[in-house]
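Observations on the model geometry
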Amino acid sequence: MRHGLEISCGGAAVTVADLVALGELAERAGWDGVFLEDYLVHHAGDDPPTWDPWLVLAAVAGRTERVRLGTTVTALPRRRPAKLAREVLTLDHLSGGRAGVAVGLGDPADRGLAAFGEPTDVKTRAAMLDEGLDLLVALLGGERVNHRGVHYRAEDVALRPPPVQSPRVPVWVGGSTQAKAVLRRAARADGIVPYKLTDTDGWSDFTAEEVAALVAALPATRADGEPFDVAVGGRRRRADERAERAYLAELAAAGATWWLEYVPAGDPAAMRAAVARGPLR
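The text that follows walks through the structure, step by step, so that each part is easy to find. (Residues numbered from 1 in each chain as written. Predicted model: local features only at pLDDT ≥ 70, side-chain atom pairs only at ≥ 80, totals over all residues. Heavy atoms only, no water.)

1. Digging into the layout of surface pockets
The computed volume of the largest pocket comes to approximately 1,000 Å³. Surrounding the largest pocket, 40 residues form its lining, Tyr39, Val73, Asp107, Gly175 and Tyr195 being those nearest its centre. Every element with two or more residues in the lining of the largest pocket is listed here: α5 (122–140), β8 (171–176), α6 (180–186), β9 (191–195), β10 (229–235) and β11 (258–263). By residue number, the principal contributor to the lining of the largest pocket is β10, which donates 5 residues. (1 Å grid on protein atoms, 1.4 Å probe; cavity = no way out; pocket = protein on both sides within 12 Å on 5 of 7 lines; lining within 4 Å. Points joined across faces, edges and corners; volume = space filled by probe spheres on them. Helix = DSSP H or I, 4+ residues; strand = E, 2+ residues; numbered from the N terminus.)

Here it is as structure tokens:
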């Protein structure tokens, strides 16, 4: 199981230089992946500073050699799939084949939707995600695409050059496993970034048994023949590191391929300390 960081891409005290430095530090500290949030307007604070994840990742790509780079997650319904594909393919070449992208409906509370006139109706965004996902996957494989749908068009076009990675840049699908559509969409891609919500505290960890059930319900391999990615986590590290390490070992045995540890926006020194301590292996 690989260990990645989910890093908040905004917040009052966080500069873009801080984020690039965190990406560099992540590689030195032994992390396997750096995944940034993707918001036009960050979710915390009043008019908070917010940074574009793809530009930040491009800068990180030029200063690292090993760590994988991507987002968790990009709201595909507020993006043009072709434009997103071009950005991801460019990052794939800048990084020498270390790029990926995770897509989903988007956070219902994302202020960047309504503020810029993007669709907020869940059914509309779900239809856009379903249609856009197939288009994105095809474009990220360098395929020649002909598509005429309700929301998007592509007429006899391929994005060149093709990706460094073969047969395509990996695509993950994020969302709540309470929604059956998330599993259906993920099965058309290369991985899943699942979460589950509760009525009590709004967050609950997956058990090893739940991860095993997810693994059994999804394809065994992704498009390149590697194991289908199941990337769980998305929260801060627990204080009891011994218990946390044991829990991660259970997830790995159940088939999880990634553990994602969240680094929220805050004091830059605290963010650096969270990255510098490295993953629990």
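2. Considering empty space enclosed by the protein
On inspection of all chains with the given rule, the structure shows 4 cavities of 30 Å³ or more. What the largest cavity holds in volume is close to 90 Å³. Residue lining of the largest cavity: 13 residues in total, with Phe35, Arg68, Gly100, Pro170 and Trp172 positioned closest to the centre. Elements supplying a minimum of two residues to the lining of the largest cavity: β3 (68–71) and β5 (101–104). At 4 residues, the largest contribution of residues to the lining of the largest cavity is made by β3. Partitioning the lining of the largest cavity into residue classes produces 7 nonpolar, 3 polar and 3 charged. (Nonpolar A, V, L, I, M, F, W, Y, C, P; charged D, E, K, R; others polar.)

3. Digging into the packing of aromatic side chains
Under the defined criterion, the tally for this structure stands at 4 aromatic pairs. Ring plane angle 65° and centroid distance 6.0 Å describe the contact between tryptophan 172 and tryptophan 258, whose orientation is recorded as edge-to-face. With a gap of 86 residues between them, tryptophan 172 in strand β8 and tryptophan 258 in strand β11 connect regions that are remote in the sequence. The exposure classification of tryptophan 172 matches that of tryptophan 258, with both residues buried. By the ring-pair criterion, three or more aromatic residues cluster together here, those being Phe35, Trp172 and Trp258. Over the ring of phenylalanine 206 we find lysine 196; its NZ or CZ atom is 5.6 Å from the centre of that ring. (Phe/Tyr/Trp six-rings, centres within 6.5 Å; stacked < 30°, edge-to-face > 60°. Buried < 20%, exposed > 50% of the residue type's maximum accessible area, 1.4 Å probe, protein only. Lys NZ or Arg CZ within 6 Å of the ring centre and 35° of its normal.)

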